[in-house]
Amino acid sequence: MNQKMNITSAKYLKDLEDENSIVKTVIDGETLFVPLDLENRHYAEIKRQVDAGELTIEDAD
Amino acid sequence: MSKAAELAALIGSQSSLSNRNLVINGDMAVAQRGTSATSQSGTDIRLLDMWQLVEGADAVFTIAQSSTAPDGFNNSLKIDTTTADSSLSTTQFASVKTRFEGLNLQQLQFGTSSAKPLTLSFWVRSNVTGTYSVMIALSDATNIYQSHTYAISSADTWEKKTITFIGDTTTAIPDDNTSGFLLDFCLGSGTAYTSGGATGSAWSSSATSYFGGHAVNIMASTSNEFLLTGVQLEIGEVATPFEHESYADNLKKCKRYFIKYINSSGAYAVGAIEGTTTAIFSFPAPDMRAAPTAAIDDLTIGGGIGSPPDVTAISSVTNTGHSLDCTLTVASGLTATNAARIRATGSDSLLTFDAEL
């Protein structure tokens, strides 16, 4: 019964191999750099909100 | 309890003589993020290591590591209501949680006929007397939990509580680094989670029993506070004395889940520059639970002379098991193949890695 995190932005960042590796996001007003790992609670919530159509992750520059 | 009785209880507790307490930072001694945070609301409030405050209502809290503590303890987790919510909707609630990795719970033998009972003991204090709820929820199952009530009888007085949970013979806890179960202390809840009453010594999937029987609301007034410490969860049906451990041992356990590199006059780490905007650093770290979320503030990369550029992003984090290998980004100004160091630039500088459950 956890309520969802308040995610106000999300954008991919690429690593040195030019692959998406991080989501730069703002959660509850704090800027965070979240690895693409479902065992990470922030990424799990990002993925849940994306799958639910509640959040879109911007492409990397 | 006499020393002889304590020893007898320990021997008969079905638990080991050390490492009995499944709770990490149960004495609230480790506070890497800081010792106080004001104006806290939302679903993922973190201050003391391993503890999460969930505010799922319209209240606002100050959360702190308090020096108000019962004999034998130096700290407690203190939650003060600073903006009240005296009329909770049916699904609003607030609670204090800690979670446990599945790989640390296999000795419980849940999911087998040999499932072990657990005994929770803790010290609690509040100005609000009445009936409270505490529960365990199996995180990997679908809404399987066991809730119990306890009473705070005297206002503003430390009281020690002991509650035994039966083992779950039907639901196994996965042997992995995800949350096996959580321990959840209710601060206030709408009737959607209380009206079914406590499950008592039974496992349930009925949402109305999640905080079953909880009857007070810490959020009802800005005069209200809730303090908690000495939390121990151990195998068996007997509560043994709290297992104190050294601060160093406690901190080491916490750093599997959260690491904060604090401001210092020296370098956080030394690394190598890959291009005009990127550098790689290997931060010494224990094996974190999972790839961690990073946060940065007021950091620069350079050789220690001139005007080093500010760090603007972390574009990769790899948990190697003995270090955190990161790619850091600046706007411009780096020279490839040079060595560099990452430094703090102000009193607010920070670098954190968060793999909490």
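My aim in this report is to walk through the structure given alongside it, one point at a time. (Residues numbered from 1 in each chain as written. Chains lettered and ligands numbered in written order. Predicted model: local features only at pLDDT ≥ 70, side-chain atom pairs only at ≥ 80, totals over all residues. Heavy atoms only, no water.)

## A look at the packing of aromatic side chains
The geometry of an aromatic ring pair is captured by the separation of the ring centres together with the interplanar angle, meaning the angle of the planes.
Residue and element names in this part refer to chain B.
Argument step 1. By the definition in use, this model includes 19 aromatic pairs over all chains.
Argument step 2. Taken together, a centroid distance of 6.5 Å and an interplanar angle of 35 degrees make the contact between Phe 110 and Phe 181 tilted. On the criterion of sequence distance, the pair formed by Phe 110 in the loop between β6 (93-101) and β7 (118-126) and Phe 181 in strand β11 (residues 179-189) is long-range, its members being 71 residues apart.
Argument step 3. The class of Phe 110 is buried, set by a relative accessible area of 6%. (Phe/Tyr/Trp six-rings, centres within 6.5 Å; stacked < 30°, edge-to-face > 60°. Helix = DSSP H or I, 4+ residues; strand = E, 2+ residues; numbered from the N terminus. Buried < 20%, exposed > 50% of the residue type's maximum accessible area, 1.4 Å probe, protein only.)

## Looking at helix α1 (residues 41-51) of chain A
Argument step 1. Inspection of α1 of chain A places Arg 41, His 42, Tyr 43, Glu 45, Ile 46 and Gln 49 of chain A among the buried residues, and these make up the whole buried set.
Argument step 2. Close packing links the buried residues of α1 of chain A with β1 (7-14), β2 (20-27) and β3 (30-35) of chain A together with β2 (42-46), β16 (293-297) and β21 (350-354) of chain B.
Argument step 3. With a side-chain oxygen lying 2.8 Å from the backbone nitrogen of His 42 of chain A, the N-terminal cap of α1 of chain A falls on Asn 40 of chain A.
Argument step 4. Gly 53 of chain A lies just past α1 of chain A and shows a positive phi near 75 degrees. (Contact = heavy atoms within 4.5 Å. Polar contact = N/O pair within 3.5 Å; in protein donor to acceptor, adjacent residues only side chain to side chain.)

## Quick look at the pairing of strand β4 (residues 60-66) of chain B
Residue and element names in this part refer to chain B.
Argument step 1. Of all seven residues in β4, seven are buried, a share of seventy percent or more.
Argument step 2. The alternating pattern of β4 places Val 60, Thr 62, Ala 64 and Ser 66 and Phe 61, Ile 63 and Gln 65 on opposite faces, both of which are buried.
Argument step 3. As defined by bridge partners, strand β1 (residues 36-40) adjoins β4 across three bridges and the pair is classed as antiparallel. For Ala 37, the partnering residue across the bridge sits in β4 and is Ile 63. (Pairing = 2+ DSSP bridges.)

## Some thoughts on the interface of chain A and chain B
Argument step 1. Tallying the contact residues gives 23 residues for chain A and 35 residues for chain B.
Argument step 2. When the two sides are added together, the surface that chain A and chain B hide from each other amounts to roughly 2200 Å², 53% of it contributed by carbon and sulfur.
Argument step 3. The tally of links from chain A across to chain B stands at two salt bridges.
Argument step 4. Among the ionic pairs, Arg 41 of chain A bridges to Asp 44 of chain B, the shortest N-O distance being 3.0 Å.
Argument step 5. Elements with a contribution of two residues or more to the side of chain A that touches chain B: β1, β2, β3 and α1 of chain A.
Argument step 6. Top contributing element to the side of chain A that touches chain B by residue count: β3 of chain A, with six residues.
Argument step 7. For the side of chain A that touches chain B, the class distribution of residues is nine nonpolar, six polar and eight charged. (Buried area = accessible area lost by both parts, 1.4 Å probe. Salt bridge = Lys/Arg side-chain N within 4 Å of Asp/Glu carboxyl O. Nonpolar A, V, L, I, M, F, W, Y, C, P; charged D, E, K, R; others polar.)

## Regarding the sheet that holds strand β8 (residues 130-138) of chain B
Residues and elements named next belong to chain B.
Argument step 1. Spatially, β2-β3-β6-β11-β8-β9 is the arrangement adopted by the six strands of the open sheet, whose pairing is antiparallel. A single partner strand is all that each edge strand has here, and the edge strands are β2 and β9 (144-152). Averaged over all pairs of adjacent strands, the angle between their axes in this sheet comes to 25 degrees, without regard to strand direction.
Argument step 2. Direction of pairing for β2 relative to strand β3 (residues 52-56): antiparallel, over a ladder of three bridges. (Axes fitted to C-alpha atoms, helices over the stretch in contact; angles between N-to-C directions.)

## Focus: the environment of Ile 22 of chain A
Argument step 1. With respect to the helices and strands, Ile 22 of chain A occurs in strand β2.
Argument step 2. Accessibility expressed as a relative area gives 0% for Ile 22 of chain A, which makes it buried.
Argument step 3. On a C-alpha basis, the gap between Ile 22 of chain A and Met 5 of chain A in space is 18 Å, while along the polypeptide they are 17 residues apart.
Argument step 4. Once residues lying within four places of it in the same chain are set aside, the contact partners of Ile 22 of chain A are Lys 11, Tyr 12, Leu 13, Phe 33, Val 34, Pro 35 and Leu 36 of chain A together with Ile 314, Ser 315, Ser 316 and Val 317 of chain B.

## A word on the side chain of Ser 315 of chain B
Argument step 1. Inspection of the secondary structure assignment puts Ser 315 of chain B in strand β18 (residues 311-319).
Argument step 2. What Ser 315 of chain B contacts, discounting residues up to four positions off in sequence, is Leu 13, Lys 14, Asp 15, Ser 21 and Ile 22 of chain A together with Thr 327 and Thr 329 of chain B.

## Things to note about the side chain of Glu 45 of chain A
Residues and elements named next belong to chain A.
Argument step 1. Within the fold, Glu 45 resides in helix α1.
Argument step 2. Residue classification places Glu 45 among the buried positions, given a relative accessible area of 12%.
Argument step 3. Side-chain polar atoms of Glu 45 contact the side chain of Gln 49, separated by 2.7 Å.

## Some remarks on unusual backbone geometry
Trans is the prevailing form of peptide bonds, just as negative phi is the prevailing case for residues other than glycine.
Residue and element names in this part refer to chain B.
Argument step 1. Unlike most non-glycine residues, Gln 109 shows phi in positive territory, near 55 degrees.
Argument step 2. Locating Gln 109 in the fold gives a position in the loop between β6 and β7.
Argument step 3. Classification of Gln 109 by relative accessible area gives partly exposed; the value is 30%.
Argument step 4. Within the chain, Asp 156 stands out as a residue other than glycine whose phi angle is a positive 55 degrees.
Argument step 5. Here Asp 156 lies in the loop between β9 and β10 (159-165).

## Side note on the pairing of strand β20 (residues 339-344) of chain B
Residue and element names in this part refer to chain B.
Argument step 1. Burial along β20 is one-sided: the residues Ala 340, Ile 342 and Ala 344 are buried and none of Ala 339, Arg 341 and Arg 343 is.
Argument step 2. For strand β14 (residues 267-273) and β20, the ladder comprises five bridges, and the chain directions are antiparallel. Note that in β20 the partner of Ala 272 across the bridge is Ala 339.
Argument step 3. Here strand β17 (residues 299-302) runs beside β20; their pairing, made up of four bridges, is antiparallel. Residue pairing across strands places Ile 301 opposite Ile 342, the latter belonging to β20.

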